[in-house]
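# Descriptive structure summary
In case you want the letters, here they are:
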Amino acid sequence: MNNIAVIGAGTMGNGIAHVFAQHGFKVFFVDISIAALEDGMVKIAKNIDRQVKKGEVTPEQKQVILAAITTFTDIAEGVKNADLVIEAVTENPSVKISVLQTIDQRAPVACIIASNTSSISITKLAATTNRADKFIGMHFMNPVPVMTLVEVISGYATSQATLAKIVAVISEIHKVALKSNDYPGFVANRILMPMINEAIYTLFEGVAGVEEIDGIMKLGMAHPMGPLQLADFIGLDVCLSILKVLHEGFGNPKYAPCPLLVNMVQAGDKGVKSGKGFYDYSQGNKELIVAVKRN
Ligand code: NAI
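Predicted model, so just to flag it, every value in this text is computed and none were measured. (Residues numbered from 1 in each chain as written. Predicted model: local features only at pLDDT ≥ 70, side-chain atom pairs only at ≥ 80, totals over all residues. Heavy atoms only, no water.)

## Digging into the pattern of salt bridges
- Evaluated as defined, the whole model comprises 10 salt bridges.
- Note that Arg 131 and Asp 104 form a salt bridge whose closest N and O atoms lie 2.7 Å from each other. One end of the pair, Arg 131, is in the loop between helix 6 (122-126) and strand 6 (135-140); the other, Asp 104, is in helix 5 (residues 93-106), and 27 residues separate them in sequence. The two residues Arg 131 and Asp 104 agree in class, both being buried.
- With a shortest N-O distance of 3.7 Å, Lys 134 and Asp 133 are connected by a salt bridge. (Salt bridge = Lys/Arg side-chain N within 4 Å of Asp/Glu carboxyl O. Helix = DSSP H or I, 4+ residues; strand = E, 2+ residues; numbered from the N terminus. Buried < 20%, exposed > 50% of the residue type's maximum accessible area, 1.4 Å probe, protein only.)

Have a look at this one:
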């Protein structure tokens, strides 16, 4: 594999484009929004600057990495010479399905299609293409240039050959592939989201405050970040939609999203991206919100 198309230039897409370019691949970077592509390229340049400061990348390599990335606003153009397409557009099934159908029609027959979805069934997405055997989940972790794991999800029809090629390419970008079958939440979110939901319930029921809940999990369990801060970082809307997938997929009330989470998302408090969640980020740093309304 030499040519990688990355569809979606948001938080995840720019990280994925960055790591492939850094490891010698040619990257076709696609988004419907020119602003998102420009912003994505600025973020990639800034993240490489960090790597230069740490001595991981030389200033000359920075130019080579940036030159390996070509931007497109037309999916058909972006995927026509790709060996692997990684879809990282908005977590919305109908948006993903329409993007995947265009990719399927325009990418070479041998090309593998991967989705970076956090929660949508890989089997369901694969079934909307004519190459379910060459369709797979590649669930990168945020921030992509820093995190080592890629959770690899085989759909019902994913072939062993596709899985083997994806595991190999993940080692070429110096990351670790760990495999999961395709059931709601895969592994990472099936375990993480109930913990976050329980932390929100603990707050909702008045057992402890934000500072105590996050502090207990950080100091007591050696987690680098408390679950409420992590929820803010992931996006409260994203957490809610993953919990809904778990709740619906397993039909088990233990996954029911906490009413406080539902209210916060409805009120527009989505965490870091909206400036406010369990903490206030509007001044550019993280401030504790002492009183959280429970109604
Ligand atoms: P984002 O909202 O930051 O970026 C999505 C991008 O997709 C936007 O730039 C948007 O312009 C573009 N887009 C939307 N419709 C499009 C179309 N029809 N054609 C081309 N581009 C289109 O989203 P983010 O956070 O990067 O998430 C992307 C995917 O990665 C989602 O499936 C999400 O669940 C998954 N994911 C997100 C993680 C996170 O921490 N944010 C972690 C792991 C996976």
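More follows now that the structure is in view.
## Re helix 1 (residues 11-22)
- For helix 1, which comprises 12 residues, the first-to-last C-alpha distance of 17 Å matches the rise-based estimate of 16 Å (1.5 Å per residue) to within 8%.
- Among the 12 residues of helix 1, 10 are classified as buried, and the element is accordingly described as predominantly covered.
- Once helix 1 ends, the next one or two residues include Gly 24, with phi positive near 90 degrees. (Expected span 1.5 Å × (residues − 1).)

## Some remarks on the packing of helix 8 (residues 188-204) against helix 9 (residues 210-221)
- Between helix 8 and helix 9, whose axes approach to 9 Å, the crossing angle comes to 140 degrees. For the pair helix 8 and helix 9, the crossing hand works out as right-handed. In this structure, helix 8 contributes Met 195, Ala 199, Thr 202 and Leu 203 to the contact, and helix 9 contributes Val 210, Ile 213 and Met 217.
- Considered class by class, the residues forming the contact of helix 8 with helix 9 number 6 nonpolar, 1 polar and no charged. (Axes fitted to C-alpha atoms, helices over the stretch in contact; angles between N-to-C directions. Left-handed = near helix turned anticlockwise from the far one by under 90°. Contact = heavy atoms within 4.5 Å. Nonpolar A, V, L, I, M, F, W, Y, C, P; charged D, E, K, R; others polar.)

## Thoughts on the site of the ligand
- Among the 22 residues in the neighbourhood of the ligand, the closest are listed as Met 12, Asp 31, Glu 91, Lys 96 and Ser 118.
- Within the backbone of Ile 32, an N or O atom sits 3.5 Å from a nitrogen atom of the ligand.
- Between an oxygen atom of the ligand and a side-chain N or O atom of Lys 96, the distance comes to 2.7 Å.
- In isolation the ligand exposes 840 Å². Once the protein is present, 80% of that is buried.
- Elements with a minimum of two residues in the shell around the ligand: helix 1, helix 5 and strand 6. (Near = heavy atom within 4 Å. Polar contact = N/O pair within 3.5 Å; in protein donor to acceptor, adjacent residues only side chain to side chain. Areas by Shrake-Rupley, 256 points an atom, 1.4 Å probe, with all protein chains shown as cover.)

## Some points on the domain arrangement of the chain
- Assigned domains of the chain: these are domain 1 (3-180) and domain 2 (190-289).
- The straight-line distance from the C-alpha centre of domain 1 to that of domain 2 is 27 Å. (Domains from an automatic or database assignment.)

## Notes on the pairing of strand 1 (residues 3-7)
- Burial analysis of strand 1 places 5 of its 5 residues in the buried class, the great majority of the element.
- Of the two faces of strand 1, the one lined by Asn 3, Ala 5 and Ile 7 and the one lined by Ile 4 and Val 6 are each fully buried.
- Where strand 1 meets strand 2 (residues 26-30), 5 bridges bridge the pair, whose relative direction is parallel. Across the sheet, the residue bridging to Val 6 is Phe 29, located in strand 2.
- At this point the chain moves from strand 1, through helix 1, to the parallel strand 2, and the crossover so formed is right-handed.
- Judged from the 4 bridges that link them, strand 1 and strand 4 (residues 84-87) form a sheet pairing that is parallel. (Pairing = 2+ DSSP bridges. Right-handed = clockwise from strand over helix to strand, strands pointing away.)

## Topic: the packing of helix 2 (residues 34-53) against helix 3 (residues 59-67)
- Between helix 2 and helix 3, the shortest axis-to-axis distance is 10 Å and the interhelical angle comes to 155 degrees. With respect to helix 3, the axis of helix 2 lies roughly antiparallel. At the point where helix 2 passes helix 3, the crossing takes the right-handed sense. Facing helix 2, whose interface residues are Met 41, Ile 44, Ala 45, Ile 48, Asp 49 and Val 52, helix 3 presents Pro 59, Lys 62, Ile 65 and Leu 66. (Parallel < 35°, antiparallel > 145°, perpendicular 65-115°, else oblique.)

## Quick look at the sheet that holds strand 3 (residues 69-72)
- Taking strand neighbours across the sheet as the criterion, the 8 strands line up as 3-2-1-4-5-6-7-8 in an open arrangement whose pairing is mixed. Two strands close off the open sheet at either side, each with one partner strand: strand 3 and strand 8 (176-181). Along the sheet, successive strands turn relative to each other by an average axial angle of 25 degrees, direction set aside.
- On the sheet, helix 5 packs against strand 1, strand 4, strand 5 (112-115) and strand 6 and is oriented at approximately 170 degrees with respect to strand 4.

## What about the packing of aromatic side chains?
- Tallying each qualifying case throughout the model produces 5 aromatic pairs.
- With 5.3 Å between their ring centres and 80 degrees between their planes, Phe 20 and Phe 25 make a pair best called edge-to-face. Of the two residues, Phe 20 and Phe 25, neither departs from the other in class, the shared state being buried.
- In this arrangement the basic side chain of Lys 286 is found over the ring face of Tyr 279, its NZ or CZ atom lying 4.2 Å from the centre. (Phe/Tyr/Trp six-rings, centres within 6.5 Å; stacked < 30°, edge-to-face > 60°. Lys NZ or Arg CZ within 6 Å of the ring centre and 35° of its normal.)

## Topic: the environment of Ala 114
- Its place among the elements puts Ala 114 in strand 5.
- A relative accessible area of 0% places Ala 114 in the buried class.
- Each C-alpha atom, one on Ala 114 and one on Ile 136, is 4.8 Å from the other, the two residues being 22 residues apart in sequence.
- What Ala 114 contacts, discounting residues up to four positions off in sequence, is Leu 84, Val 85, Ile 86, Glu 87, Ile 136 and Met 138.

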